Amino acid sequence: MVWQGNYTKLFIGGRWTDPTATEKIQVISPYTEQVVAEVPLSSTTDVDRAVSAARHAFDHGPWPQLPLSERMEVMSRVSAGLGERQEEIAQLITAEMGSPITLSRGAQSLGAKMLLDAFLELAPRYEWSTIRRSSSGTGLVTREPIGVVAAVIPWNVPLQITMLKLSPALLAGCTVILKTAPEAPLNAYLFAEILQAAGLPDGVVNILPADRGVSEHLVTHPDLDKVSFTGSTAAGRRVAELCGRDLRRVTLELGGKSAAVILDDADLDLAIGQIRKLSMRNNGQACSNKTRIVVARSREAELLDRLTAMVESMPVGDPADPATEVGPVVSARQRAMIEGYIEIGRSEGAKVTVGGGRPSGLDHGWFVEPTVFAGVEPNMRIAQEEIFGPVLSVLSFRDEDEAVAIANNSEFGLNGSVFAADPAHALAVARRIRTGTVELNGNVVGFHSPIGGFKSSGIGREAGLEGFDGYVEPKSYGLPPELADSLS
């Protein structure tokens, strides 16, 4: 049963309030192509109200002044709420953006709780305050909340990315305006109920569904201290430009075109299993998916045969069916863009080994067949540009130097994999790849490690202890020795 909330209001200042405009956002199921719900389209006046509430909660409310332990108590109740409503969250995200329900129950719902729990584990270990003594002076160095934060969330993994930003921001003592994507705003309404039940003070989190124009008003608001944005590289450049004018702090987690490097001695069973999980994940709509498969020429033919068979075996269909591995993409516009890239790949001379069209037997839903291209050259557009759909490109290399060169031949640097018989050898190759995360033989880094991108994949890091850094300002106090001694 999908949660049926009241979608007529906005969550501002700790209360459900009427929007100031009458325009609506229609949330359309990618599977049925029918309207799931309508939510208000926030206006610039609504943005002003939300920022004012967050500003007041930061400047005059209790939240920034509470001891860390008390903020942790509130966030522990939020974690409990996420756990209690895990299935509702999963069903709602599947309904609004088409993520297969098995993935929604894992990464989308449980993953959000796990992220918050990881930050709760790490918060006491973060260096919030330290005394530094030297021959030149004695300093108290603190890390204090950065202030009012705009957290701009994409539609593909909405609640997990919400928790990636809100967990460290709130634990640090910040207040937040959460700007949801128009395609997937419904989960944030359920999340607001969890925040209320947990006893979060009024104004600490405010939630706005908004389009691009209103979002630009938010990220340029003079009472805002920080923007944390996840989305496309093109949109991230615009956010960076706008924030740069006012020297506003900004964190950007952007696009990817990640490479899975399969060395000549790699275990192909292992590699294929991991590609199944980490390359077609979320219907191909994950920025960390490994969409360039870079394989030793001696193993290319075998890899292509097995990869093609793997893709053919993946059930495509209703995302609410637990058997489905590939559901519809989020919108008709997204499908048209993906299909455009498939035609570009063909025109560039690459060969489709499987897929390349729309699946038969499905008379509704924005589906694209999972597709594999062979004969891809490193500079082809399908090897360079983020497609954000279930499309993989297979490239081959003669030696490891060429493998590394192909992996690094990208404006992006978000994620990647190396597969080799010897993990130490895989690590040596991984050290040469210019990307924020590299997984060896499919081993993931976990939520205690930072994630983020090199090059055009972003600025800053999220998760891990480093995830707190984006929500604090270091501040130094010169102390007399006797005061330093009493604080030590």
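Owing to the predicted nature of the structure, the values given are computational and were not obtained by experimental measurement. (Residues numbered from 1 in each chain as written. Predicted model: local features only at pLDDT ≥ 70, side-chain atom pairs only at ≥ 80, totals over all residues. Heavy atoms only, no water.)

Participant: Quick one: what's the story with the overall build of the protein chain, residue by residue and with numbers?
Facilitator: Looking only at helices and strands, the protein chain has 15 helices and 22 strands in total. In terms of overall dimensions, the protein chain is globule-like: its C-alpha atoms have a radius of gyration of 23 Å, near the 23 Å expected for 488 residues. Each of the three principal axes of the protein chain carries a C-alpha extent, and together these read 70 × 60 × 40 Å. Expressed as a percentage of its 488 residues, the buried residues of the protein chain come to 58%. (Helix = DSSP H or I, 4+ residues; strand = E, 2+ residues; numbered from the N terminus. Rg over C-alpha atoms; globule rule 2.2 N^0.38 Å. Buried < 20%, exposed > 50% of the residue type's maximum accessible area, 1.4 Å probe, protein only.)

Participant: Can you tell me about helix α9 (residues 268–278), naming the residues and giving the values?
Facilitator: For α9, the full list of buried residues reads Leu268, Ala271, Ile272, Gln274, Ile275 and Leu278. With its buried residues spanning 165° around the axis, α9 presents them on a single face. In α9, the exposed residues that point more than 90 degrees away from the buried face are Asp269 and Lys277. The N-capping residue of α9, defined by a side-chain oxygen 2.9 Å from the backbone nitrogen of Asp269, is Asp267. (Arc of directions from axis to C-beta. Polar contact = N/O pair within 3.5 Å; in protein donor to acceptor, adjacent residues only side chain to side chain.)

Participant: An account of the sheet that holds strand β6 (residues 137–145) is requested, with residue identities and associated values reported.
Facilitator: Strand order in this open sheet of three strands is β5-β6-β22, and the pairing throughout is antiparallel. The open sheet has two edge strands with one neighbour each: β5 (129–134) and β22 (472–478). Neighbouring strand axes in the sheet, compared pairwise and without regard to direction, differ in orientation by 25° on average. Judged from the seven bridges that link them, β6 and β22 form a sheet pairing that is antiparallel. Across the sheet, residue Glu144 finds its bridge partner in β22, namely Glu473. (Pairing = 2+ DSSP bridges. Axes fitted to C-alpha atoms, helices over the stretch in contact; angles between N-to-C directions.)

Participant: Tell me about the nonpolar core, and name the residues and values.
Facilitator: Counting residues in each nonpolar core, the largest one holds 93 residues, and the members touching the most others are Val78, Leu82, Ile177, Val205 and Val227. For this core, the two domains that each supply at least three residues are domain 1 (10–254 + 457–476) and domain 2 (259–440). Val205 has contacts with Phe11, Leu166, Leu170, Val176, Leu195 and Leu200, leaving out every residue within four places of it along the chain. In this structure, Val261, Tyr341, Leu395 and Val418 belong to the second largest nonpolar core, which totals 33 residues. (Core = buried A, V, L, I, M, F, W, Y, C linked by side-chain atoms within 4.5 Å. Domains from an automatic or database assignment. Contact = heavy atoms within 4.5 Å.)

Participant: Tell me what's going on with the UniProt feature "domain: Aldehyde dehydrogenase" (unreviewed entry) in the protein chain, and back it up with residues and numbers.
Facilitator: Following the UniProt record, the feature "domain: Aldehyde dehydrogenase" (unreviewed entry) maps to residues 16–476 here. Along residues 16–476, the helical share is 39% and the strand share 21%, with 40 Å between the first and last C-alpha atoms. (UniProt positions renumbered as here; feature names shortened; annotations may be inferred.)

Participant: Tell me about the sheet that holds strand β13 (residues 290–296), and please be specific about residues and values.
Facilitator: Sheet strands pair via backbone hydrogen bonds, and the direction of the pair is either parallel or antiparallel. Here seven strands make up an open sheet; going across it, the order is β14-β15-β16-β13-β12-β18-β19 and the pairing mixed. Either end of the sheet is taken by a strand with one partner, and the two such strands are β14 (351–354) and β19 (439–440). The sheet contact formed by strand β18 (residues 416–419) and β19 spans two bridges and is parallel. Opposite Val418, over in β19, you have Leu440 as the bridge partner.

Participant: Outline helix α2 (residues 68–84), supporting the account with residue identities and numerical values.
Facilitator: Its 17 residues place the ends of α2 24 Å apart at the C-alpha level, agreeing with the 24 Å of an ideal helix rising 1.5 Å per residue. Turning to α2, its buried residues number three or more, namely Arg71, Met72, Val74, Met75, Val78, Ser79, Gly81 and Leu82. Against the buried residues of α2 lie α3 (86–97), α4 (101–122), α5 (158–172) and α6 (186–198). (Expected span 1.5 Å × (residues − 1).)

Participant: Explain the environment of Leu159 residue by residue, including any values.
Facilitator: When you line up the elements, Leu159 lands in helix α5. Classification of Leu159 as buried rests on a relative accessible area of 1%. C-alpha separation for the pair Leu159 and Ala332, spaced 173 residues apart in sequence, amounts to 23 Å. Residue contacts for Leu159: discarding those within four places in its chain leaves Leu82, Ile89, Ile93, Gln108, Ala112, Asn187 and Phe191.

Participant: Which residues make up the UniProt feature "active site" (unreviewed entry) in the protein chain, and what are the values?
Facilitator: In the numbering used here, UniProt assigns the "active site" (unreviewed entry) feature to Glu253. Take Glu253: it is sitting in strand β11 (residues 249–253). Setting aside anything within four residues of it in sequence, one finds Glu253 in contact with Phe229, Thr230, Gly231, Cys287, Leu414, Ser457 and Glu462.

Participant: Just give me the short version of the pattern of salt bridges, but keep the residues and values in it.
Facilitator: Within this structure, the stated rule accounts for 30 salt bridges. As a salt-bridge pair, Arg238 and Glu216 come within 2.9 Å of each other at their nearest N and O atoms. Of this pair, Arg238 sits in helix α8 (residues 233–245) while Glu216 is found in helix α7 (residues 212–219), placing the two residues 22 residues apart along the sequence. One salt bridge in this structure joins Glu241 and Arg245, with 3.2 Å as the shortest N-O distance. Taken together, the positions of Glu241 and Arg245, both in helix α8 and four residues apart, correspond to about one turn of that helix. The exposed category is assigned to Arg245, whose relative accessible area is 56%. (Salt bridge = Lys/Arg side-chain N within 4 Å of Asp/Glu carboxyl O.)

Participant: An account of the packing of α3 against α6 is needed here, citing residue identities and associated values.
Facilitator: It is the contact of α3 with α6, at a shortest axis distance of 8 Å, that shows an interaxial angle of 160°. Here α6 runs roughly antiparallel to α3, going by the angle between their axes. Counting all contacts with α3, which are made through Glu88, Ile89, Leu92, Ile93 and Glu96, the residues of α6 involved are Leu186, Asn187, Leu190 and Ile194. The class makeup of the residues in the contact of α3 with α6 is six nonpolar, one polar and two charged. (Parallel < 35°, antiparallel > 145°, perpendicular 65-115°, else oblique. Nonpolar A, V, L, I, M, F, W, Y, C, P; charged D, E, K, R; others polar.)

Participant: Help me get a handle on the packing of α4 against α5, residues and values and all.
Facilitator: In a packed pair of helices, the relevant descriptors are the angle between the two axes and the axis-to-axis distance. Where α4 meets α5, the axes come as close as 8 Å, and the angle between the chain directions of the two elements is 15°. Overall, the two elements α4 and α5 adopt an arrangement that is roughly parallel. Once α4 is placed against α5, the crossing between them reads as right-handed. Contacts between α4 and α5 involve Ala107, Gln108, Gly111, Ala112, Leu115, Leu116, Phe119 and Leu120 on the former and, on the latter, Pro158, Leu159, Gln160, Met163, Leu164, Ser167, Pro168 and Leu171. The class makeup of the residues in the contact of α4 with α5 is twelve nonpolar, four polar and no charged. (Left-handed = near helix turned anticlockwise from the far one by under 90°.)

Participant: Can you tell me about the packing of aromatic side chains, naming the residues and giving the values?
Facilitator: A full pass over the atoms with the stated rule returns nine aromatic pairs. Judged by centre distance (5.5 Å) and plane angle (15°), the ring pair of Trp16 and Tyr189 falls under stacked. Separated by 173 residues along the polypeptide, Trp16 in strand β2 (residues 15–17) and Tyr189 in helix α6 bring together distant segments of the chain. Ring geometry for Trp128 versus Phe468: centroids 5.4 Å apart, planes at 70°, classification edge-to-face. With Trp128 in the loop between α4 and β5 and Phe468 in the loop between β21 (458–459) and β22, this residue pair connects regions lying 340 residues apart in the sequence. With respect to burial, Trp128 and Phe468 carry one shared label: buried. Through successive ring pairs, a cluster of aromatic residues spans Tyr7, Phe11, Trp16 and Tyr189. The lysine or arginine in question, Lys226, covers the ring of Tyr471, its NZ or CZ lying 4.7 Å from the ring centre. (Phe/Tyr/Trp six-rings, centres within 6.5 Å; stacked < 30°, edge-to-face > 60°. Lys NZ or Arg CZ within 6 Å of the ring centre and 35° of its normal.)

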